[in-house]
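What the coordinates show
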Amino acid sequence: MGAELSPLLEAARQILIEAKQPMHVNDIAAEAVRTHRNQQMSADEFASSLSDYPL
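The model shown is predicted, which means the values in this text are computed figures rather than measured ones.

**Points about the pattern of salt bridges**
Considering all chains together, one arrives at three salt bridges under this definition. Here arginine 13 ties to glutamate 10 by a salt bridge, and the two come within 3.1 Å at their closest N and O atoms. Taken as a pair, arginine 13 and glutamate 10 lie in helix H1 (residues 7–19) at a separation of three residues, close to a single helical turn. Between glutamate 18 and arginine 37 there is a salt bridge whose closest N-O contact spans 3.0 Å. With glutamate 18 in helix H1 and arginine 37 in the loop between helix H2 (25–34) and helix H3 (43–51), this pair connects stretches of sequence that are 19 residues apart. Glutamate 18 sits in the partly exposed class, given a relative accessible area of 48%.

Cut-offs applied
Residues numbered from 1 in each chain as written. Predicted model: local features only at pLDDT ≥ 70, side-chain atom pairs only at ≥ 80, totals over all residues. Heavy atoms only, no water. Salt bridge = Lys/Arg side-chain N within 4 Å of Asp/Glu carboxyl O. Helix = DSSP H or I, 4+ residues; strand = E, 2+ residues; numbered from the N terminus. Buried < 20%, exposed > 50% of the residue type's maximum accessible area, 1.4 Å probe, protein only.

And the structure:
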């Protein structure tokens, strides 16, 4: 069984699956805010957190 993703990464994963195409991190963040999956962060905070996430 694979490792569980953090809520932040799971939101980004679902957005990318639904988009069916590559997206810039800022576009992922905007979609997270639009669909209320931003975990109470602004789009800028979401994008920054996503970009800074350790691999």
